[in-house]
Amino acid sequence: MSADSKAVYSPPNKVVSISHCSSMEQYRRMYEKSIQDPEGFWGEIAKSFHFEQETTGKFCDYNFDPSKGRIFIKWLEGAKTNICYNCLDRHIEAGKGDQIAFYWEGNDPADRRQLTYADILRDVCKMANVLKGYGVAKGHRVAIYMPMIPELVVAMLAVARIGAVHSIVFGGYSSESLAERMIDAQASILITSDAVWRGTKLVHLKDIADGALEICKQKDLDVKKSIVVKHLCRVTAPQSAANGVANGNPSKKTHFDDKVGWKEGRDVWWEDVMKDAKSDCHAVWMDAEDPLFMLYTSGSTGKPKGVLHTVGGYMLYSATTFKYSFDYHPGDIYFCTADIGWITGHSYVTYGPLLNGATSVLFEGVPTYPHTGRFWEIVEMCKVNKFYTAPTAIRALMKFGDEPVKKYNLSSLSVLGSVGEPINPEAWMWYYRVVGNSDVSIVDTFWQTETGGHVITPLPGATPAKPGSACYPFFGVDVALLDEEGKEISGEGEGYLVFRRPWPGIMRTVYGNHERFETTYFKKFPGYYCTGDGARRDADGYIWVTGRIDDMLNVSGHLLSTAQVESALVEHEAVAEAAAVARPHHVKGECLYCFVYLAEGFEFNPKLAAELKGKVREKIGPFATPDYLQATSVGLPKTRSGKIMRRILRKVAVGDKEFGDISTLADPSIVDVLFQSRILDGKA
Ligand code: PRX
């Protein structure tokens, strides 16, 4: 089936008739107000939240131009609030304590739990008291490395309740990556879990965390406590594992019943410390501009950036985008498949839904276990009506055809969201037609870790959607496209995607490195926040995000920098130089194609290839493993000043001989040699 990219899909009546924003006219009116009168617009929204103290200073103040001084962004100056209080206590005081906050669906369909708002508040208070007992106070950083279990939500809210700062690291990262992030954040406490099943794969999180703590120790970071959730013994192991076959490898016995490594004094079981903890704990009133969390994202230098978000603005923005982008109404059952370790999970599994008092699904597993209809089974079982996933998941499931979807009753669905990378029109159409039965609104939400919430997105009851376009800016977001000289492009055109002013949810700084924040986002085009993405505006004003225009690539919706991968590869003694580029991939969107120039005396063979892939897994994590490794004996194409021309390597990777101008290369003959030995298909 091919998609008609010119087609426009209007929202279905069932969505329009109840929508918070039910026409383009209403959208334009609200958008205009948000731009002309931000204080009036956001001030009205702020009234639904509990502020212990109202704004006393400027409602919004900022500088986006480095030539005029330091870059800064402030919202709601002087206001005091607590996001955990607004997520939990506020609803419970309104009589919603017994409402389900999360349906937890385990990796195995037999493992299910339900948690009410009151359940979560009780556990949050207990954990908050535990943390206080360990000396955690306002402003301290707490690292969290956990699977998708309710305790993860409890942990982050407990940290926020006492005014500390959470730094969640995705459970797919390696020891080295976790350690690097903990050291940068100077985190004094780690919250983790023994292990987790992801499909049939057993991931020993504690082993990985222990490795990280060892590295922290060598780098003089004293992590006082590691709080460990005992998770494995309470879930169902896959059939294959029960027979002693783990990870498809019959020779490798699982040790899911074994004791984990333990360091007395440092390691404590979550269950033990929670037992006697008191179940009430005051929420600390925070300044709106106090830090709430940091979340590391790839940076073009290879060193991850601790993107810092603050309490007040993030709260208003994650809540408002959740309400309008998914057109949330009480009674909805919402399911976001993202891991809380990424920003999507922060804003649209935890904060956005809880701030709206929503009922959500929290899913531990993977889309294809124990069968390829797992998502749809959950949708049917929980009567999900709002569903949010990534194009890479959609493409992976499309491969199995319509049948695994059609087996389930998905008539509850009304809004389907997409996030993380551009969605190709074919995937969009399949999502719409097969999953949504052509009777849903699709919202292709464009945003970043840095933006805190959706910045360009259709609204389900208002925007006629075009497959592949993120459509129009969200309220308060002032979009512009710039040419190479920094001149604004009006009307139709393509250029750098930038924003002219802050919205409440934008990041405030890079943790511990404000200069890097200024350089990365504001230096190239003074006066604008630069996304690093390119975009096209069509004749109807729709925005089409075309992808990164810097040295980043997006593998299965995970942003990676080429520098990060290259520095992992060159750590191997056999590699003198490495260059990583993106190659289109039918499921992942993009995958890694790496060129390695071997040091004297080394020969490329399957063993070395496996070692190099292992190096990337060890330094970053399994999701960053290169799909293609091409060894070169003639070197890499470089300019005379020694800069690797990745533009040419990208062409080699896709087999495109139109190299353009190669006259600036020090040795143009290299290009032909690389092209001849490029990897055609299959994996290296
Ligand atoms: O390139 C854009 C792409 O993902 C990048 C942000 O990645 P990250 O900070 O990891 O956050 C991902 C989840 C919000 C962006 O710079 N991206 C994200 N959503 C879209 C997208 N590209 C096109 N369309 C989208 N809907």
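Residues numbered from 1 in each chain as written. Predicted model: local features only at pLDDT ≥ 70, side-chain atom pairs only at ≥ 80, totals over all residues. Heavy atoms only, no water.

A. Spatial organisation of the overall build of the protein chain. The number of helices and strands found in the protein chain is 22 helices and 30 strands. The C-alpha atoms of the protein chain give a radius of gyration of 25 Å, which matches the 26 Å a tight globule of 684 residues would have. In the form shown here, the protein chain has an accessible surface area of approximately 25,800 Å², with 49% of it arising from carbon and sulfur atoms. Of the side chains in the protein chain, 77 bear a positive and 83 a negative charge, and the two mean positions are spaced by 1 Å. (Helix = DSSP H or I, 4+ residues; strand = E, 2+ residues; numbered from the N terminus. Rg over C-alpha atoms; globule rule 2.2 N^0.38 Å. Areas by Shrake-Rupley, 256 points an atom, 1.4 Å probe, with all protein chains shown as cover. Lys, Arg positive; Asp, Glu negative; His and termini not counted. Charge placed at Lys NZ, Arg CZ, Asp CG, Glu CD.)

B. Summary view of helix α5 (residues 89-96). Among all positions in α5, only D89, R90 and H91 are buried. Where the residues of α5 are buried, they touch α4 (83-87), α6 (117-133), α7 (150-161) and α13 (343-355). (Buried < 20%, exposed > 50% of the residue type's maximum accessible area, 1.4 Å probe, protein only. Contact = heavy atoms within 4.5 Å.)

C. Quick look at the pattern of salt bridges. Evaluated as defined, the whole model comprises 45 salt bridges. Between D89 and R161 there is a salt bridge, with the nearest N and O atoms lying 2.9 Å from each other. Placement of D89 in helix α5 and of R161 in helix α7 is noted, with a sequence separation of 72 residues between them. Across the pair, exposure class does not vary: D89 and R161 are buried alike. Between R112 and E105 there is a salt bridge, with its nearest N and O atoms 2.9 Å apart. Connected through salt bridges with shared partners, the residues E176, E571, K615, E618 and K619 form a single ionic network. (Salt bridge = Lys/Arg side-chain N within 4 Å of Asp/Glu carboxyl O.)

D. How the structure looks around the nonpolar core. Ranked by size, the top nonpolar core spans 133 residues in total, and within it M127, L131, I144, L157, I191, I227 and Y351 carry the most contacts. Those residues in contact with L131, other than ones at most four positions away along the chain, are V136, A158, V159, I162, I189, I191 and I227. M182, A209, L592 and L612 belong to the second largest nonpolar core, which has 43 residues in total. (Core = buried A, V, L, I, M, F, W, Y, C linked by side-chain atoms within 4.5 Å.)

E. Focus on the sheet that holds strand β4 (residues 100-105). Overall, mixed pairing links the seven strands, which are arranged β5-β4-β17-β16-β18-β19-β20 in an open sheet. The open sheet terminates on both sides in strands that have one partner only, identified here as β5 (112-116) and β20 (441-445). Strand-to-strand, the axes of this sheet are offset by a mean angle of 20 degrees, without reference to chain direction. Bridge count between β4 and β5: five bridges; the pairing is antiparallel. Looking at β5, one finds that W104 is bridged to R113. Where α6 meets the sheet, it contacts β4 and β5, and its direction lies at approximately 85 degrees from that of β5. (Pairing = 2+ DSSP bridges. Axes fitted to C-alpha atoms, helices over the stretch in contact; angles between N-to-C directions.)

F. Just the sheet that holds strand β6 (residues 141-144), in detail. Taking strand neighbours across the sheet as the criterion, the eight strands line up as β12-β11-β8-β6-β7-β14-β15-β23 in an open arrangement whose pairing is mixed. Strands with a single pairing partner mark the edges of an open sheet, and in this sheet they are β12 (267-269) and β23 (509-510). Sheet topology note: the strand β14 (residues 291-297)/strand β15 (residues 305-310) ladder contains six bridges and is antiparallel. Counterpart to L295 in the pairing with β15 is V307. Relative to the sheet, helix α9 (residues 205-218) contacts β8 (189-193), β11 (225-229) and β12, its axis offset from that of β8 by approximately 160 degrees.

G. Expanded view of the site of the ligand. With respect to spatial proximity, 18 residues lie near the ligand, and among them D444, T445, T449, D533 and R548 are the closest. One nitrogen or oxygen atom from the side chain of D444 is found 2.8 Å from a nitrogen atom belonging to the ligand. In this structure, a nitrogen atom belonging to the ligand sits 2.8 Å away from a main-chain N or O atom of T445. Relative to its unbound accessible area of 540 Å², the ligand is 95% covered by the protein chains. (Near = heavy atom within 4 Å. Polar contact = N/O pair within 3.5 Å; in protein donor to acceptor, adjacent residues only side chain to side chain.)

H. Representation of the confidence of the model for the protein chain in the model. Looking at the protein chain, pLDDT values average 94 and 96% of them are 70 or higher. Long-range and interchain partners of residues 245-257, a stretch whose pLDDT sits below 50, account for 21 contacts in this model, where long-range means more than four residues apart. (pLDDT = per-residue confidence, 0-100.)

I. Local environment of the pairing of strand β18 (residues 386-389). Because side chains alternate across β18, one face comprises the buried residues K386 and Y388, and the other comprises F387 and T389, equally buried. With three bridges joining them, strand β16 (residues 333-336) and β18 adopt parallel strand pairing. The partner of F335 across the bridge, within β18, is F387. Pairing between β18 and strand β19 (residues 415-419): four bridges, direction parallel. Bridging across to β19, Y388 finds its partner in G417.

J. Up close: the packing of aromatic side chains. The final tally for this structure, using the stated rule, is 54 aromatic pairs. Here F326 and Y348 contribute two aromatic rings whose centre-to-centre distance is 5.9 Å and whose plane-to-plane angle is 80 degrees, an arrangement assigned as edge-to-face. Residue F326 is found in the loop between α12 (311-325) and β16, and its partner Y348 is found in helix α13; the two are separated by 22 residues along the sequence. With respect to burial, F326 and Y348 carry one shared label: buried. When the ring of F335 is compared with that of F387, the centres are 5.3 Å apart and the planes differ by 75 degrees; the resulting orientation is edge-to-face. Taken as a pair, F335 in strand β16 and F387 in strand β18 lie far apart in primary sequence, 52 residues in all. Across the pair, F387 and F335 agree in class, each one buried. (Phe/Tyr/Trp six-rings, centres within 6.5 Å; stacked < 30°, edge-to-face > 60°.)

K. Structural detail: the packing of helix α3 (residues 38-46) against α12. Where α3 meets α12, the axes come as close as 10 Å, and the angle between the chain directions of the two elements is 85 degrees. The angle between α3 and α12 places the two elements in the roughly perpendicular class. Two secondary-structure elements touch here, α3 through W42, I45 and A46 and α12 through L316, Y317 and T320. Of the residues belonging to the contact of α3 with α12, the class tally is five nonpolar, one polar and no charged. (Parallel < 35°, antiparallel > 145°, perpendicular 65-115°, else oblique. Nonpolar A, V, L, I, M, F, W, Y, C, P; charged D, E, K, R; others polar.)

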